[in-house]
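Listed below, chain by chain, are the residues.
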Amino acid sequence: MPGARAIFKIVEVDKGWDRLKALAATYSVKDSHAKVGVLDNDKGREKRANNFTQAMLALAMEFGTDTSPARSFVRSTFDKKRDDLVSMAQILVRKIYEGGMTVERALGLMGAKLSSEIKKAVTTGEQIP
């Protein structure tokens, strides 16, 4: 029909894409992580004979030495609990996406979970191959 005008309207409905892009942009430049394990820092450093620290002992246990085999407790626990951690991460990413949780909080929860599992492995003497 000549001269007829189309009567329609295009409406863009953002279902979270803009928020997701903003989160990705923010955290692609941030160094976001959770530290888990025996951390060697200056604060509260407990030294043993000959300046041997807890972190040095943990390193020797984790990877072994020339005279002692490895007795992994960090890597082996992570490997054993990987599926649980992935499931947890999927839930937390959804909460972040929905705006119900910050990335920092989610990383804190993930770190606390793995830390708890490592402590449990150490205290129960659970050897994970």
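First, a word on scope: everything that follows refers to the structure included in this document.

Quick notes on the rules
Residues numbered from 1 in each chain as written. Predicted model: local features only at pLDDT ≥ 70, side-chain atom pairs only at ≥ 80, totals over all residues. Heavy atoms only, no water. Helix = DSSP H or I, 4+ residues; strand = E, 2+ residues; numbered from the N terminus. Buried < 20%, exposed > 50% of the residue type's maximum accessible area, 1.4 Å probe, protein only. Contact = heavy atoms within 4.5 Å. Salt bridge = Lys/Arg side-chain N within 4 Å of Asp/Glu carboxyl O. Core = buried A, V, L, I, M, F, W, Y, C linked by side-chain atoms within 4.5 Å. Axes fitted to C-alpha atoms, helices over the stretch in contact; angles between N-to-C directions. Parallel < 35°, antiparallel > 145°, perpendicular 65-115°, else oblique. Left-handed = near helix turned anticlockwise from the far one by under 90°. Nonpolar A, V, L, I, M, F, W, Y, C, P; charged D, E, K, R; others polar. Patch = residues over 30% accessible without salt bridge, like charges linked within 9 Å, V, L, I, M, F, W, Y side chains within 5 Å. Areas by Shrake-Rupley, 256 points an atom, 1.4 Å probe, with all protein chains shown as cover. Expected span 1.5 Å × (residues − 1). Bend = angle between axes of the 7 residues up to and from the residue. Polar contact = N/O pair within 3.5 Å; in protein donor to acceptor, adjacent residues only side chain to side chain.

**Examining the overall build of the protein**
So, point 1. Broken down by element type, the protein carries 4 helices and 0 strands.
So, point 2. Going from the N terminus to the C terminus, the protein shows its helices and strands as α-α-α-α.
So, point 3. When each of the 129 residues of the protein is scored for burial, the buried share is 19%.
So, point 4. The long-range share in the protein, meaning contacts at least 24 apart out of those at least 6 apart in sequence, stands at 50%.

**A short note on the pattern of salt bridges**
So, point 1. Under the defined criterion, the tally for this structure stands at 7 salt bridges.
So, point 2. Between Lys21 and Asp18 there is a salt bridge; the shortest N-O distance is 3.7 Å. Of this pair, Lys21 and Asp18 both sit in helix α1 (residues 17–29), 3 residues apart, which is roughly one turn of that helix.
So, point 3. We classify Asp18 as partly exposed; its relative accessible area is 41%.
So, point 4. When salt bridges with common partners are traced through the structure, they connect Lys81, Lys113, Glu117 and Lys120 into a single cluster.

**Describing the nonpolar core**
So, point 1. Listed in full, the 6 residues of the largest apolar core are Leu23, Leu92, Ile96, Met101, Val103 and Ala106.
So, point 2. For this core, the elements supplying multiple residues, two or more each, are α3 (75–98) and α4 (103–124).
So, point 3. Setting aside its immediate chain neighbours within four residues, Ala106 contacts Leu92, Ile96 and Met101.
So, point 4. Grouped together as the second largest cluster of nonpolar side chains are 5 residues, Phe73, Leu85, Leu114 and Ile118 included.

**Brief notes about the packing of α3 against α4**
So, point 1. Put simply, α3 and α4 touch, their axes get as near as 10 Å, and they point 160° apart. If you check the angle between α3 and α4, you find them roughly antiparallel. For the pair α3 and α4, the sense of crossing is right-handed. Taking contact as the criterion, the partners of Thr77, Phe78, Lys81, Leu85, Met88, Ala89, Leu92 and Ile96 in α3 are, on α4, Val103, Ala106, Leu109, Met110, Lys113, Leu114, Glu117, Ile118 and Ala121.
So, point 2. Here the contact of α3 with α4 is built from residues that sort into 13 nonpolar, 1 polar and 3 charged.

**What to know about a nonpolar patch on the surface**
So, point 1. A cluster of nonpolar side chains, namely Phe52, Met56 and Leu57, defines an oily patch on the protein surface of about 240 Å² accessible area.
So, point 2. With respect to the secondary-structure elements, Met56 resides in helix α2 (residues 54–63).

**Describing α3**
So, point 1. For α3, spanning 24 residues, the distance from its first C-alpha to its last is 32 Å, which sits close to the expected 34 Å at 1.5 Å a residue.
So, point 2. Where α3 bends most, the angle comes to about 60°, and this point is Lys81.
So, point 3. Among the residues of α3, Ser76, Thr77, Lys81, Leu85, Leu92 and Ile96 are the ones counted as buried.
So, point 4. Summarising the contacts, the buried residues of α3 are in contact with α1, α2 and α4.
So, point 5. Trailing α3 by a residue or two, Gly99 shows a phi angle of about 85°, which is positive.

**Overview of the side chain of Glu62**
So, point 1. For Glu62, the location among the structural elements is in helix α2.
So, point 2. On the basis of relative accessible area, Glu62 is assigned to the buried category, the value being 5%.
So, point 3. Polar side-chain contacts of Glu62 include one of 2.9 Å to the backbone nitrogen of Phe73.

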